[in-house]
Amino acid sequence: MTNKKYPFDFNTMKFQGTPLQQAGGLLRTIKMLGDIEDAPRVIPATLTRLLSNVEQLGFTKDQLRKLLNSKGVDAKNIGGSLDKSVCRANNNDEDAGFADYFVIHDTSYLLDNGETFAPEFINTSKWLKNWLENNSGDTHIFITRNGRSKTQNDYTTPFRATRFEMENIGSEGDEIHKGRFLHHELIQPRLPARGVADAQAPVPGFTPEQYTLLALCYLSASLRRGQWLIPVLHGVLDLEFGDHDDPQNFDLNAWDTTIDQLLKAMANPSTSNATLKSKLFKNDPTLQKVARRELLLVATGGMVSGIDLVQDALNLLGATNPDLLIAVGSNRGSFGPRTKAAIVAFQKLQSITLDGKVGAQTILKLDALLPTS
């Protein structure tokens with residue numbers, strides 16, 4: 001591998017080729033210690049469709065707002081208000097174009113002695129780097145492994161977060177790339193390998209929760225741009241400045257599938273008029289909102305409205321499947337790890353998305369198994 005940089009055209013201030021060709025060159029797989037394939041990446045089906053016609057978004061602001069509500073995600077945590085545009089290039093020069101590139105990074109942290117890549121550690125709040133307050137720096141968005149995000153800088157804010165932007169300035173001055181790229185940091189642990197302190201990343205590299213939030217960021221940023229942004233991996237962007245391995249083990253196919261699922265959910269909200277019918281659920285307004293995709297219940301470790309009835313339902317079904325039992329006691333109504341584990345066990349039995357959250361699909365499956373009178 002020679003790790004060729006992808007050519008940038010200083011006349012157009014864009015990378016060379018069509019948006020789809022650019023994505024093929026800028027999403028090349030990044031391996032340990034920064035080895036990057038020279039051959040263009042084969043772009044999966046959904047991104048191929050979107051980048052073949054970047055001006056055709058295919059969804060509205062109202063549809064995205066409803067989707068965010070159904071996922072329990074506030075736009076302020078994924079780049080800011082949907083009513084605002086993204087930043088402009090050349091440090092928000094009013095005569096410059098809007099941001100075109102959606103950069104994917106990892107923020108990597110070396111684990112302490114004795115710590116491992118065990119999912120029950122690195123993908124939960126037990127690992128302190130999954131606490132948002134423990135992450136800061138030059139980016140637009142941070143996304144933790146346990147499905148939380150924060151806006152470090154609104155998408156309206158231009159700044160540089162790569163050496164390409166800061167050093168490869170061409171002839172137009174030192175702010176020429178400021179605002180051309182939007183930046184997203186996925187939290188990732190590392191361990192020593194090949195004599196390098198933080199060379200090894202876990203496999204899989206990122207969690208489904210991270211891919212979901214990153215996909216929601218992509219939808220939000222593209223809506224605010226008015227066309228589909230071109231995805232870029234940080235290590236490929238900075239090839240001429242060293243051997244970056246950032247992000248390592250990024251699963252482009254998993255992210256593509258997630259984007260597709262979210263687009264389908266917006267286009268076909270099949271459960272928007274759903275009504276819960278079981279005796280246990282039918283009179284609870286919170287769970288009815290969940291069924292209509294207006295609300296998503298997520299594990300917070302504290303009290304969550306509606307989760308008490310979900311716990312009751314799982315305990316009822318647990319009479320024939322002990323994996324569903326939750327010994328809640330005085331903690332009834334608290335959505336913590338035990339409840340999340342029981343929900344995942346139920347989702348596995350029903351062959352639905354294993355995310356430990358109570359959304360429309362999960363509540364409707366539960367409702368169908370409960371007595372109606």
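Procedures and definitions
- Residues numbered from 1 in each chain as written.
- Predicted model: local features only at pLDDT ≥ 70, side-chain atom pairs only at ≥ 80, totals over all residues.
- Heavy atoms only, no water.
- Core = buried A, V, L, I, M, F, W, Y, C linked by side-chain atoms within 4.5 Å.
- Buried < 20%, exposed > 50% of the residue type's maximum accessible area, 1.4 Å probe, protein only.
- Helix = DSSP H or I, 4+ residues; strand = E, 2+ residues; numbered from the N terminus.
- Contact = heavy atoms within 4.5 Å.
- Salt bridge = Lys/Arg side-chain N within 4 Å of Asp/Glu carboxyl O.
- Pairing = 2+ DSSP bridges.
- Polar contact = N/O pair within 3.5 Å; in protein donor to acceptor, adjacent residues only side chain to side chain.
- Axes fitted to C-alpha atoms, helices over the stretch in contact; angles between N-to-C directions.
- Parallel < 35°, antiparallel > 145°, perpendicular 65-115°, else oblique.
- Left-handed = near helix turned anticlockwise from the far one by under 90°.
- Nonpolar A, V, L, I, M, F, W, Y, C, P; charged D, E, K, R; others polar.
- Phe/Tyr/Trp six-rings, centres within 6.5 Å; stacked < 30°, edge-to-face > 60°.
- Lys NZ or Arg CZ within 6 Å of the ring centre and 35° of its normal.

Counting residues in hydrophobic clusters, the biggest one holds 65 residues, and the most contacted among them are F102, Y218, L219, W228, F250 and W255. With ten residues, helix α7 (residues 208-225) is the largest single contributor of residues to this core. Apart from the residues within four sequence positions on either side, W228 is in contact with L50, L51, N53, V54, Q56, L57, F59, Y218, L219, S222 and L263. Grouped together as the second largest cluster of nonpolar side chains are 26 residues, V304, V310, L314 and F346 included.

Further remarks concern the pattern of salt bridges. Pairing between side chains of opposite charge can happen when their charged atoms approach one another. Tallied over the entire structure, the rule returns 16 salt bridges. For R332, the salt bridge goes to D308, with nearest N and O atoms at 3.8 Å. Remark: D308 occurs in helix α11 (residues 307-317) and R332 occurs in the loop between α11 and α12 (337-350); sequence separation between them is 24 residues. Residue R332 is classed as partly exposed on the basis of its relative accessible area, which comes to 35%. Assessed through its relative accessible area of 23%, D308 is described here as partly exposed. Among the charged side chains, a salt-bridge network with shared partners connects K14, D100 and R225.

Below, the discussion takes up the pairing of strand β8 (residues 230-233). Side chains I230 and V232 project from β8 onto one buried face, and the interleaved P231 and L233 project onto a second face that is buried too. Pairing geometry for strand β3 (residues 101-110) and β8, over four bridges, is parallel. Within β8, the position partnered with I104 by the bridge is L233.

What follows concerns the side chain of R190. Mapped onto the secondary structure, R190 falls in strand β6 (residues 181-193). A polar atom in the side chain of R190 sits 3.1 Å from the side chain of D245. Dropping the residues within four chain positions of it, R190 is found in contact with D106, S108, Y109, L110, L111, F117, D198, A199, Q200, A201, D245 and Q248.

Now for the packing of α11 against α12. At their nearest, the axes of α11 and α12 sit 11 Å apart, and the two run at 55° to each other. Classified by the interaxial angle, the pair formed by α11 and α12 is oblique. Where α11 crosses over α12, the handedness of that crossing is left-handed. Note on element contacts: α12 touches α11 through T339, A342, I343 and F346, opposite I307, Q311, L314 and L317. For the contact of α11 with α12, the class distribution of residues is six nonpolar, two polar and no charged.

Right, let's talk about the environment of L57 for a bit. Mapped onto the elements of the fold, L57 is located in the loop between α2 (45-51) and α3 (61-71). Spatially, the C-alpha atom of L57 lies 21 Å from that of L27, the residues being 30 residues apart in sequence.

Taken as a whole and assessed by the stated rule, the structure comprises 18 aromatic pairs. Ring geometry for Y6 and F15: centres 6.1 Å apart, planes at 40°, overall tilted. F15 matches Y6 in its accessibility class, with the two residues each being buried. Ring plane angle 80° and centroid distance 6.3 Å describe the contact between Y109 and W127, whose orientation is recorded as edge-to-face. Taken as a pair, Y109 in strand β3 and W127 in the loop between α5 (119-122) and β4 (141-143) lie far apart in primary sequence, 18 residues in all. Judged by relative accessible area, which is 18%, Y109 ranks as buried. Pairwise contacts between aromatic rings join F59, F102, F206, Y211, Y218, W228, F250 and W255 into one cluster. The ring of F98 is capped by R88, whose NZ or CZ atom sits 3.9 Å from the centre of that ring.

Spatial relationships are all this shows, so hold off on functional conclusions.
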